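Each chain, written out:
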Number of protein chains: 2
Amino acid sequence: MTSRPRLADVAARAGVSMKTVSNVINDFRHVAPETRAKVQAAIDEIGYRPNLSARNLALGRAGLIALVVPQLDMPYFAALSGQILEAAARHNWVVLIQQTGEDTSVERDALAGHFPQRIDGLILSSPRIRPADLRKRTDRTPLVMLGERNFQGIAQHVSIDNVAASETAVNHLIERGRRRIAIIGTRPTDRQHPRLAGYRRALRAAGLPESDDLIRPIRNNLGEEGELQMAALLAEHRNRPPDAVFCVTDWVALGVIRALQTHGLRVPDDVAVVGFDDIPYGRAATPTLTTISPDRAAIARLSVESLLAQMEAAASGTPYEVSEQPVGYELVVRESTGG
Amino acid sequence: MTSRPRLADVAARAGVSMKTVSNVINDFRHVAPETRAKVQAAIDEIGYRPNLSARNLALGRAGLIALVVPQLDMPYFAALSGQILEAAARHNWVVLIQQTGEDTSVERDALAGHFPQRIDGLILSSPRIRPADLRKRTDRTPLVMLGERNFQGIAQHVSIDNVAASETAVNHLIERGRRRIAIIGTRPTDRQHPRLAGYRRALRAAGLPESDDLIRPIRNNLGEEGELQMAALLAEHRNRPPDAVFCVTDWVALGVIRALQTHGLRVPDDVAVVGFDDIPYGRAATPTLTTISPDRAAIARLSVESLLAQMEAAASGTPYEVSEQPVGYELVVRESTGG
DNA sequence: GTGAAAGCGCTAACAA
DNA sequence: TTGTTAGCGCTTTCAC
């Protein structure tokens, strides 16, 4: 056995044509059961495995979908990527993971289709891409956007309902008797921010006052940033600190907890904290973190399936109607809001 | 423009042959500068990008290397994978990430070369694979093993010196005046465990007593497991708890810290804690975690380069001598051992 | 239900 | 230094 067995070798061994072997491999109907068995036996005997480069070349596809995320070592994206890998594998796709390192130009390049390889589809999870960027896009590669921003009618978007989820989180704080609730991770003027919108809706529904000085922005999604902003908040409200904080991500929430503990405040007794994302650390932290847990498996599955649908639409000339595709989420109550 | 431009289109436009275009694309010497410029102009004008399926088919390679890790959402592997992605991209490889989910049979399948695609090389990071598994391997795909176990002369192994690194970590505790140092994450009888060996070496060098009841195993690398084992340790040594704990991973260390705080012990005042791996959470935890930080970028780079060297050796018929390839590490001192 | 042959886009002999 | 051409291994018309 000098080289790997080819389809022709299987055909020779089974005494059938290449077409028949191909039919068996691709699970086509209209193959006589005994022919199928004979071919399968030959495949097993010589240990044949198809050469994907050749198949993809013949089919005119790349066999590759790209997943663009900020960084793989950010826990939310690591978990998400893991799920997408599995969903893609179920459709025989290899996932080309591209890290942007928070570099907007890399994200724009990805949108424009500038990849080291040709790709069949693109899943883009990038907090920085705006609807305007998408409108400029001319590349026709099937695209799915992830993340909290809305892309109404511009691109297929798979996401939880961030407004409702945030409202749920803040309602939970209100139900636990909290009245002075801060939000860390957005600026009061950001009208497009769904998590801020949910926060406001919950306060309003409960008849609680909204005050912009309990809203603090972050420059990036890091624990250090949460720590900094929480410290600033405490400094500004020395006499009357908030009794709860809603953080736009778990990662920020961990920093917030650090700042609170550093300043001698107890979590949740003095200040309750809720995060967002349900990253693995939330369960190992002290205290464990209450959070919104999106159904990541569903996000992965629906994203991959949408790519497939877009390809099929393109192949058949049917237009593909983009939509906002909602997925489920759950409030996970842990120690940081009193268990 | 009905279909994507091909190499032949570039050749026609530039008025040269396909061979010349190929030479330019692959950056061969012996192309007249002006010819090169002309071809490059044509490439830019029609927006040509090579079809990798066709190239790989012609070259008889897959253009793919596989990376096998337990789970992408385990922070150490997420960070490592991110680095390997980048190192591989520099050599024009796409990385097929395969998650084993701690399933040993999946790991064995990977070793045997059972992938959904053909691959050019394999990087395997799996705590469960033993030298014996490797000896049975007949598949000739270039292989690099990662992780703490040694594979002397059986497979290329890229890793920090785990014995020395552990000794460094424990020495640090000793220098801070700790005398009763526990280790969590191994059983006293495991003679092959490099981190246990380093722990023992440090104690012996300092003339400290070794006692097997300060050594606790874990069933898997989880915070919950660290918490459990630390609680058990405290229960057994109620009167005289250890004054420091060396944990075989950061993930376990976070659980250990949880258990200590739950039992009213202060970290590091009462008990100092050192972890291993330098996962991102260590910086966001309270207290921040002292740890051994392996040079992950070097691990990634050397792994990919070794695959390349193995392929070249195979192509030229030269034997490839496997070795233990050491990479650097660093002790990062943070709050959990007193800053 | 099965077979023969053309072609997917690229590389690399071999020629010139 | 550049051109010609035969494959790489698979799918897929089209005939049987």
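Just so it is clear, the model here is predicted, and its values are computed rather than measured.

Asks: Looking at this model, I keep getting lost on the protein's contact with DNA strand C. Mind explaining?
Replies: Taken together, 23 residues are adjacent to DNA strand C, and S17 and T35 of chain A together with L7, Y48 and R55 of chain B come closest. When the atoms of DNA strand C within 4 Å of the protein are grouped by moiety, sugar and phosphate amount to 73% of the total. Only α2 (18-25) and α4 (52-59) of chain A together with α2 (18-25) and α4 (52-59) of chain B provide two or more residues apiece to the surface near DNA strand C. Of all the elements, α4 of chain B adds the most residues to the surface near DNA strand C, at four residues.

Asks: Help me understand the domain arrangement of chain A in this model?
Replies: Reports of interface size often rely on the accessible area that becomes lost once the parts have come together. According to the domain assignment, chain A contains domain 1 (7-50), domain 2 (64-159 + 296-327) and domain 3 (162-294 + 331-337). The distance between the C-alpha centroids of domain 1 of chain A and domain 3 of chain A comes to 60 Å.

Asks: Even after reading the chapter, I still don't get the UniProt feature "domain: HTH lacI-type" (unreviewed entry) in chain A, so can you show me in this structure?
Replies: On the UniProt side, "domain: HTH lacI-type" (unreviewed entry) is annotated at positions that read residues 5-59 of chain A here. Overall, residues 5-59 of chain A shows 69% helix and 0% strand. The separation of its end C-alpha atoms is 21 Å.

Asks: Just to check I follow, could you spell out the relation of the copies chain A and chain B for this structure?
Replies: Note on the chain copies: they are related by a rotation about an axis and a translation along it. Once chain A has been moved 0.0 Å along the axis and rotated by 180 degrees, it coincides with chain B to within an RMSD of 0.1 Å. Taken together, the turn and the small shift mark the pair as related by a two-fold rotation axis. For chain A, the minimum C-alpha distance to the rotation axis belongs to S53 of chain A and amounts to 2.3 Å.

Asks: Just checking my understanding: could you explain the interface of chain A and chain B for this structure?
Replies: Counting residues at the interface gives 48 residues for chain A, matched by 49 residues for chain B. Taken as a group, R118, R258 and Y281 of chain A account for 19% of the area that chain A buries against chain B, more than any other trio of residues on that side. Where chain A touches chain B, the interface holds four salt bridges. For the salt bridge of R283 of chain B with E224 of chain A, the shortest nitrogen-to-oxygen distance reads 3.9 Å. Linking chain A with chain B are 17 residue pairs in polar contact (both at pLDDT 80 or more), by the criterion used here. Breaking the side of chain A that touches chain B down by element, the ones donating at least two residues are α4, α5 (75-89), β2 (94-99), α11 (250-262) and α12 (281-284) of chain A. Tallying contributions element by element places α5 of chain A first for the side of chain A that touches chain B, with seven residues. Considering only residue class, the side of chain A that touches chain B consists of 26 nonpolar, 12 polar and 10 charged.

Asks: Even after reading the chapter, I still don't get the protein's contact with DNA strand D, so can you show me in this structure?
Replies: Around DNA strand D sit 23 residues in total, of which L7 and Y48 of chain A together with S17, T20 and T35 of chain B are the nearest. Protein-adjacent atoms of DNA strand D, using a 4 Å cutoff, are sugar or phosphate at a proportion of 70%. A distance of 3.3 Å separates a phosphate oxygen of DNA strand D from a polar atom in the backbone of A32 of chain B. Within the side chain of T35 of chain B, a nitrogen or oxygen atom sits 2.5 Å from a phosphate oxygen of DNA strand D. At the level of elements, α2 and α4 of chain A together with α2 and α4 of chain B are the ones that each hand at least two residues to the surface near DNA strand D. The greatest single-element share of the surface near DNA strand D, amounting to four residues, is contributed by α4 of chain A.

Asks: Got a minute to help me understand the side chain of R178 of chain B in this structure?
Replies: Residues and elements named next belong to chain B. Examined against the element boundaries, R178 turns out to sit in the loop between α8 (162-175) and β6 (181-184). Buried charge without a partner: R178 forms no salt bridge, and the closest opposite charge is D243, 5.4 Å away. Of note is the side chain of R178, whose polar atom sits 2.9 Å from the backbone oxygen of D243. Among the polar contacts made by the side chain of R178, one reaches the main-chain carbonyl oxygen of P268 at a distance of 2.9 Å. Every residue in contact with R178, bar those within four places of it in the chain, is listed here: L173, L208, D243, A244, P268, D269, D270, V271 and A272.

Asks: Could you clarify how one ought to interpret unusual backbone geometry in this entry?
Replies: Trans is the common state for peptide bonds, and a negative phi is the common state for residues other than glycine. Residue P268 of chain A is bonded to the preceding V267 of chain A through a cis peptide linkage, with omega at 10 degrees. Secondary-structure assignment places P268 of chain A in the loop between α11 and β9 (272-274). That bond from T286 of chain B to P287 of chain B is cis: its omega, -5 degrees, falls within 30 degrees of zero. By the secondary structure assignment, P287 of chain B is in the loop between α12 (281-284) and β10 (291-294). In the Ramachandran plot, D277 of chain B falls in the positive-phi region, its phi being about 125 degrees despite a non-glycine side chain.

Asks: Just to check I follow, could you spell out the sheet that holds strand β11 (residues 324-327) of chain B for this structure?
Replies: Pairing between the strands of a sheet is mediated by backbone hydrogen bonds and can be parallel or antiparallel. All names here are of chain B. Reading across the sheet, the six strands line up as β2-β1-β3-β4-β5-β11 and stay open at both edges, with parallel pairing between neighbours. Unpaired on one side and paired on the other, β2 (94-99) and β11 mark the two borders of the sheet. Strand-to-strand twist across the sheet, computed as the mean angle between neighbouring axes with direction ignored, equals 20 degrees. Two strands pair when backbone bridges link them, and strand β1 (residues 64-69) and β2 are joined in this way by six bridges, in the parallel orientation. Bridging from a neighbouring strand, I65 pairs with V95 of β2.

Asks: Help me out: how do you make sense of the pattern of salt bridges in this one?
Replies: Where charged atoms from two side chains of opposite charge come close, those side chains can pair. Residue and element names in this part refer to chain A. Per the counting criterion, the structure on display carries 41 salt bridges over all chains. The partner of R266 in a salt bridge is D270, and the shortest N-O contact between them spans 3.0 Å. Overall, the relative accessible area of 49% leaves R266 in the partly exposed class. Via salt bridges that share partners, R200, R204, E210 and D212 belong to a single interconnected network.

Parameters at a glance
- In this convention, every chain numbers its residues from 1, walking through the sequence in written order.
- By the order in which they are written, chains take letters starting at A while ligands take numbers starting at 1.
- Thresholds applied to this predicted model are a pLDDT of at least 70 for local features of residues and 80 or more for the giving and counting of side-chain atom pairs; totals over whole chains, interfaces and linings are not thresholded and use all residues.
- Hydrogens and waters are ignored; side-chain quantities use all the structure's heavy atoms.
- We call a residue near a molecule or strand whenever a single non-hydrogen atom of that residue lies within 4 Å of it.
- Going along the chain from the N terminus, every DSSP run of H or I of four or more residues is numbered as a helix, and every run of E of two or more is numbered as a strand.
- Note that the domain bounds reflect an automated or database-derived domain assignment.
- UniProt positions are given in the numbering used here, feature names are shortened, and annotations may be inferred rather than shown by experiment.
- Here the copies are superposed with least squares, the fitted atoms being C-alpha atoms of residues at a pLDDT of at least 70 in both.
- Contacts between residues were defined by any pair of non-hydrogen atoms, one from each residue, lying within 4.5 Å.
- Values labelled buried area give the accessible surface lost by two parts on being combined, using a 1.4 Å probe and summing over both.
- Salt bridges, as used here, are contacts in which a Lys or Arg side-chain nitrogen is within 4 Å of a carboxyl oxygen on Asp or Glu.
- In protein, a polar contact requires one atom able to donate a hydrogen and another able to accept it; more generally it is a pair of N or O atoms within 3.5 Å, and residues adjacent in sequence count only if both atoms are side-chain atoms.
- Residues are sorted three ways: Asp, Glu, Lys and Arg are charged, Ala, Val, Leu, Ile, Met, Phe, Trp, Tyr, Cys and Pro are nonpolar, and all the rest, Gly among them, are polar.
- Buried means the residue's accessible area, taken with a 1.4 Å probe over protein chains only, is under 20% of the maximum for its type, while exposed means over 50%, and partly exposed covers the values in between.
- Counting rule applied: Lys, Arg positive; Asp, Glu negative; His and chain ends not counted.
- Note on pairing: two strands pair once DSSP finds at least 2 bridges between them.
- A fitted line through C-alpha atoms serves as each axis, taken over the contacting stretch for helices, and the angle formed by two N-to-C directions is quoted from 0 to 180°.

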